[in-house]
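This is what each chain is made of:
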Amino acid sequence: MRSIYPKTFYSNFKNLEGYWPKSTRLCFEVETWEDGSFLDYQNGVFRNQLYPGHAELCFLDWFHEKVLFPDEIQCPDAQYHVTWYISWSPCFECAEQVARFLNEHENVDLSMSAARLYLCEDEDERGLRDLVAAGAKVAMMAPEDFEYCWDNFVYNGGWDFPYWKKVRRNYGRLQQQLDEILCMYPNTFDFNFQNLNSYGRKSTFLCFEVERWKDGSFLDYQNGVFRNQLYPGHAELCFLDWFHEKVLFPDEIQCPDAQYHVTWYISWSPCFECAEQVARFLNENENVYLSISAARLYLCEDEDEQGLRDLVAAGAKVAMMAPKDFKYCWDNFVDNGGWQFTYWKNMRRNFSSLQQKLDEILWD
Ligand SMILES: [Zn+2]
Ligand SMILES: [Zn+2]
């Protein structure tokens, strides 16, 4: 089914830098499979509407009503492969709704390719990560994807797709930006975690692991990476926000009697303000145990040392990252492409002197 005019396609999908069309177009394909056999194919185009809103939500409404539950009966055992070509990547609100939808419907998988990245609020990056965490494949539209849409969704009058200038270069730039949002590359890890001087290492990265236990039995495990954002701020606060909302009180209900063992590997030890907030959080949530290992000590203000002592007083374990911790992070949090961890020069010596300094702060 073709339903976009060439002009509309062009004005919505061009991946030019600084180009901000206001609307969103979403070209979709849905394949229905059952027991490994292909059953059905549907495609079409959605755009933002007053109700239910953004094009992604229009798709979800249609898909839920017409495909998943036609006549309110679900086709049992069917599996749905959904592909989106979307002019803007989803905003945070849409990403959260789509992620929830994917979590609730395990028989649906979604691959989306976006022409441009919609990054207006700081939360929008988190939305993209949540989509990936919910199993969606997220990528930028390559020149071949634009051509595919032109051939399949546009009234193209038999004309070949006319590539616009810099389509491939802009795709490369956007895909790299998306990769940086979605994962931690070896370079990013090395630069941010090396326990060397502080030169240029302005951001904080926090790799976390959360184990949930109940009555002495292990229930589940989550991990991920946070970094400083404009809102709520330092990576530690990003973690607290996420942990409070998604783990401690999902759907505003607390899992009773659960215990949470949280481990942080963090590139800078917490500043005073973060340390105070984390300490308060630990004092208010006695079922949360926190171990922090930091690559470097952040000691800019005099108060920062007090912050570390307050963390320990609130029950946190605080230590410096040892060589084995760096290797552990490399193996578990870095897109390492199968490469072995390389120890950098003076790693162990720096660890020892930092640990000694930390001991003096905490115990002298
Ligand atoms: Zn949206
Ligand atoms: Zn901080």
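Residues numbered from 1 in each chain as written. Chains lettered and ligands numbered in written order. Predicted model: local features only at pLDDT ≥ 70, side-chain atom pairs only at ≥ 80, totals over all residues.

Chemist: An account of the environment of phenylalanine 69 is needed here, citing residue identities and associated values.
Modeler: On the secondary structure map, phenylalanine 69 appears in the loop between helix H2 (55-68) and strand E3 (78-88). Beyond its immediate chain neighbours, meaning those up to four positions away, phenylalanine 69 contacts His64 and Gln74. (Helix = DSSP H or I, 4+ residues; strand = E, 2+ residues; numbered from the N terminus. Contact = placed C-beta atoms within 7 Å.)

Chemist: Go over the pairing of strand E9 (residues 288-296), please, and point to the residues and values.
Modeler: Sheet topology note: the strand E8 (residues 258-268)/E9 ladder contains eight bridges and is parallel. Considered in E9, the bridge of valine 262 is made with leucine 290. Between E8 and its parallel partner E9, the chain crosses via helix H9 (residues 272-284), and the hand of that crossover is right-handed. Two strands pair when backbone bridges link them, and E9 and strand E10 (residues 317-320) are joined in this way by four bridges, in the parallel orientation. Following the sheet pairing, isoleucine 292 is matched in E10 by valine 318. With helix H10 (residues 303-313) bridging E9 and the parallel E10, this β-α-β connection has right-handed handedness. (Pairing = 2+ DSSP bridges. Right-handed = clockwise from strand over helix to strand, strands pointing away.)

Chemist: An account of the packing of H9 against H10 is requested, with residue identities and associated values reported.
Modeler: Running from N to C, H9 and H10 cross one another at 15°; their axes reach a closest spacing of 8 Å. Here H9 lies roughly parallel to H10, going by the angle between them. In the crossing of H9 with H10, the sense of the turn from one axis to the other is left-handed. Packed against H9, whose contacting residues are Phe272, Ala275, Glu276, Val278 and Ala279, the element H10 presents Glu303, Asp304, Gln306, Gly307, Leu308, Asp310 and Leu311 at the interface. Residues of the contact of H9 with H10, tallied by class, amount to six nonpolar, two polar and four charged. (Axes fitted to C-alpha atoms, helices over the stretch in contact; angles between N-to-C directions. Parallel < 35°, antiparallel > 145°, perpendicular 65-115°, else oblique. Left-handed = near helix turned anticlockwise from the far one by under 90°. Nonpolar A, V, L, I, M, F, W, Y, C, P; charged D, E, K, R; others polar.)

Chemist: Describe the sheet that holds strand E6 (residues 205-214), naming the residues involved and giving the relevant values.
Modeler: The five strands lie next to each other as E7-E6-E8-E9-E10, forming an open sheet whose pairing is mixed. Only two strands of the sheet have a single neighbouring strand rather than two, namely strand E7 (217-227) and E10. For this sheet the average axis-to-axis angle between neighbouring strands, irrespective of direction, equals 15°. Sheet strands in contact with helix H12 (residues 347-363) are E9 and E10, and its direction is about 145° off that of E10.

Chemist: Outline helix H5 (residues 143-153), listing residues and values.
Modeler: The complete set of buried residues in H5 reads Phe146, Cys149, Trp150 and Phe153. Burial along H5 is one-sided: seen end-on, the buried residues are contained in an arc of 110°. Those residues of H5 that are exposed and aimed more than 90 degrees away from the buried face are Glu144 and Asp151. Where H5 is buried, its residues touch helix H1 (6-13), strand E1 (25-34), strand E2 (37-47), E3 and helix H6 (167-182). (Buried ≥ 20, exposed ≤ 12 C-beta atoms within 10 Å, placed from the backbone. Arc of directions from axis to C-beta.)

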